[in-house]
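If you want the building blocks of each chain, they are given just below.
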Amino acid sequence: MIASESVGSVACDDDVRGLAEPLPVAAPGTLKFAPGDRFLPELRRRVEQYFASTGRRPRDCPAMYLKTVVFFGWLAVSYVGLACWTESAWTSLPLAISLGLAMAAVGFNVQHDGGHQAFSNRRWVNKLMALSLDLLGGSSYVWDKKHNAVHHSYTNVTGHDDDINIGFFGRLSPHQPRLRFHRLQHFYLWVLYGFLPIKWQLYDDFRDVLLGRVGGHRMARPKGWDLLMFIAGKAAFVGLAFGVPLLWHSAGPVLLAYLVTSWTQGVVLSTVFQVAHCEENASFPLPRSADGRMGAAWAVHQVETTVDFARGNRLLSWFVGGLNFQIEHHLFPRVCHIHYSALAPIVESTCQQFGVRYTARESFGTSLAAHFRWLRRMGAAAAEHDSAFEHRVP
Ligand SMILES: [Zn+2]
């Protein structure tokens, strides 16, 4: 089964193909998981039963197409208002915040589902939705390797998962080196999270493409159509972020609007992703030194390195594209996020039955507090010598 093999060489039951399989990794075979038991097959059977009994489709959901229209409408109104209409700082500020939130919403909902091929059964629809990231300033080509291939396969494995690597700015994993100033990271990182999109848009993508590496894994440099889209996407973003607004405004306000919009987007994107993986109830396992294998099977690894939050908050679930059901997303990345709330009780009860630790925080506030405590703990001097961090954090 999939859980017993390297995620680079997936073999999957035909009837559930595409539901739970991790997508191919950038460097197949670099990390293997423990053999799987009945957990994943049973989970798949129950999820398949849900779709069969409800008659719902895993992808191409009308609600998803409606959301796409709503979020792109919000994005367009905010952008046109900010770039071409407003003259006053009093209207620019709320419009910049609104644009940052709309960009995050398009990312969470449209780009993320498209990038995971969870939006539609038609490849071109998924590709088109995934390309919305290029319009938002990030490269969909690099994202596919970094998020799909690496983060979703090697979740929370230090040295592999690039999502838990923010360089020397902070220590998110117990296996990263601690610097003296990390003792204050539970205060300052919230502010720095806001600047991550700027780093991503203007530096990270170019570095990854030039080096041909992401998260310690080799990445084929884009060629042909992919390279054209990479260059066209970056040019389109620079044109939208700076070129068009400069036709109406001077450089100072344009730069300030870019900073406020990016910072808003960055804080929202980062916190939603960080609270799902970097907190007390998420594991940070390492491969065994003897044979390089992970101690857990792939599916168990996904559940135990991930945390759900605010599952009863329908507005938040709608805005964050179901990413508060992060466990369900990691197990079934090719299922449209519209279904996650219905799948959560199935996943939770199956985890209980198989003794797999499943964590769901009550609210977004409790998750933020858990992330704060985690940052404080990772930044504390004692954390460097805490043996409890060796393989699993209690
Ligand atoms: Zn994802």
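Bear in mind that the values here come from a model prediction, so they are computed numbers and not experimental data.

Peer 1: I'd like a rundown of the overall build of the protein, residues and numbers included.
Peer 2: Along the backbone of the protein there are 15 helices and four strands. Per-residue burial over the protein gives 47% buried out of 394 residues.

Peer 1: Describe the nonpolar core, naming the residues involved and giving the relevant values.
Peer 2: If you look at the biggest cluster of nonpolar residues, it comprises 85 residues, and the most contacted ones within it are Val 106 and Ala 299. Shared between two domains, this core holds at least three residues of each, these being domain 1 (2–58 + 276–389) and domain 2 (62–273). In this structure Val 106 touches Phe 71, Phe 72, Leu 75, Gln 111, Ser 132 and Leu 136, once residues within four positions along its chain are discounted.

Peer 1: Can you explain the packing of helix 3 (residues 89–115) against helix 10 (residues 251–277)? Please cite residues and give values.
Peer 2: Between helix 3 and helix 10, the shortest axis-to-axis distance is 8 Å and the interhelical angle comes to 45°. Between helix 3 and helix 10, the angle falls in the class oblique. Classified by chirality, the crossing of helix 10 by helix 3 is right-handed. For the pair formed by helix 3 and helix 10, the contact residues are Ser 92, Leu 93, Ala 96, Ile 97, Leu 99, Gly 100, Leu 101, Met 103, Ala 104 and Gly 107 on the first element and Pro 253, Ala 257, Val 260, Thr 261, Ser 262, Thr 264, Gln 265, Val 268 and Leu 269 on the second. Across the contact of helix 3 with helix 10, the residue classes tally to twelve nonpolar, seven polar and no charged.

Peer 1: Explain helix 3 residue by residue, including any values.
Peer 2: Within an α-helix, residues lying three or four positions from one another point in the same direction, as the helix has 3.6 residues per turn. Its 27 residues place the ends of helix 3 36 Å apart at the C-alpha level, agreeing with the 39 Å of an ideal helix rising 1.5 Å per residue. At the exit of helix 3 stands Gln 117, carrying a positive phi of roughly 60°.

Peer 1: Which residues make up the environment of Asp 291, and what are the values?
Peer 2: Checked against the element boundaries, Asp 291 lands in the loop between helix 10 and helix 11 (298–304). Note: C-alpha distance between Asp 291 and Leu 31 (260 residues apart in sequence) is 9.8 Å.

Peer 1: Please set out the environment of Ala 257 residue by residue, giving values where relevant.
Peer 2: Its place among the elements puts Ala 257 in helix 10. Sequence-wise, Ala 257 and Gly 100 are 157 residues apart; in three dimensions their C-alpha atoms are separated by 9.9 Å. Once you skip the residues sitting within four places of it in the chain, Ala 257 turns out to touch Leu 82, Ser 92, Ala 96 and Pro 245.

Peer 1: So what's going on with the confidence of the model for the protein? Residues and values would help.
Peer 2: Per-chain confidence: the protein averages 87 in pLDDT, with 89% of residues scoring 70 or above. pLDDT under 50 marks residues 1–18. Its contacts with residues more than four places away, or in other chains, come to 41 contacts. pLDDT under 50 marks residues 20–29. Its contacts with residues more than four places away, or in other chains, come to 37 contacts.

Peer 1: Could you give me a rundown of the packing of helix 9 (residues 224–248) against helix 10, with the residues and numbers involved?
Peer 2: Between helix 9 and helix 10, the least distance of the axes is 10 Å, while the angle of their chain directions is 145°. Of the two elements, helix 9 crosses helix 10, and the hand of that crossing is right-handed. Here helix 9 contributes Ala 241, Phe 242, Pro 245 and Leu 246 to the contact with helix 10, which in turn contributes Ala 251, Val 254, Ala 257 and Tyr 258. Residue composition of the contact of helix 9 with helix 10, by class: eight nonpolar, no polar and no charged.

Peer 1: Can you lay out unusual backbone geometry for me, pointing to particular residues and giving the numbers?
Peer 2: The phi torsion at Asn 156 lies on the positive side, around 65°, for a residue other than glycine. Using a count of 25 C-beta atoms within 10 Å as the deciding quantity, one classes Asn 156 as buried. Even without a glycine there, the phi angle at Ala 310 is positive, about 45°. Along the chain, Ala 310 falls in the loop between strand 3 (308–309) and helix 12 (314–319). Take Ala 310: there are 21 C-beta atoms within 10 Å of it, and that puts it in the buried class.

Peer 1: Go over helix 1 (residues 39–54), please, and point to the residues and values.
Peer 2: An ideal rise of 1.5 Å per residue puts 22 Å on 16 residues; helix 1 measures up with 23 Å between its terminal C-alpha atoms. Restricting attention to buried positions, one finds in helix 1 the residues Phe 39, Leu 40, Leu 43, Arg 44 and Val 47. The buried residues of helix 1 occupy an angular sector of 125° when projected down its axis, which confines them to one face. The exposed set on the far side of helix 1, more than 90 degrees from its buried face, consists of Gln 49, Ala 52 and Ser 53.

Peer 1: For the environment of Ala 83, give the residues involved together with the corresponding values.
Peer 2: For Ala 83, the position within the fold is in helix 2 (residues 62–85). The buried category is assigned to Ala 83, around which 22 C-beta atoms lie within 10 Å. C-alpha of Ala 83 to C-alpha of Ala 96: the two residues are 13 residues apart in sequence and 9.4 Å apart in space.

Cut-offs applied
Residues numbered from 1 in each chain as written. Predicted model: local features only at pLDDT ≥ 70, side-chain atom pairs only at ≥ 80, totals over all residues. Helix = DSSP H or I, 4+ residues; strand = E, 2+ residues; numbered from the N terminus. Buried ≥ 20, exposed ≤ 12 C-beta atoms within 10 Å, placed from the backbone. Core = buried A, V, L, I, M, F, W, Y, C linked by C-beta atoms within 7 Å. Domains from an automatic or database assignment. Contact = placed C-beta atoms within 7 Å. Axes fitted to C-alpha atoms, helices over the stretch in contact; angles between N-to-C directions. Parallel < 35°, antiparallel > 145°, perpendicular 65-115°, else oblique. Left-handed = near helix turned anticlockwise from the far one by under 90°. Nonpolar A, V, L, I, M, F, W, Y, C, P; charged D, E, K, R; others polar. Expected span 1.5 Å × (residues − 1). pLDDT = per-residue confidence, 0-100. Arc of directions from axis to C-beta.

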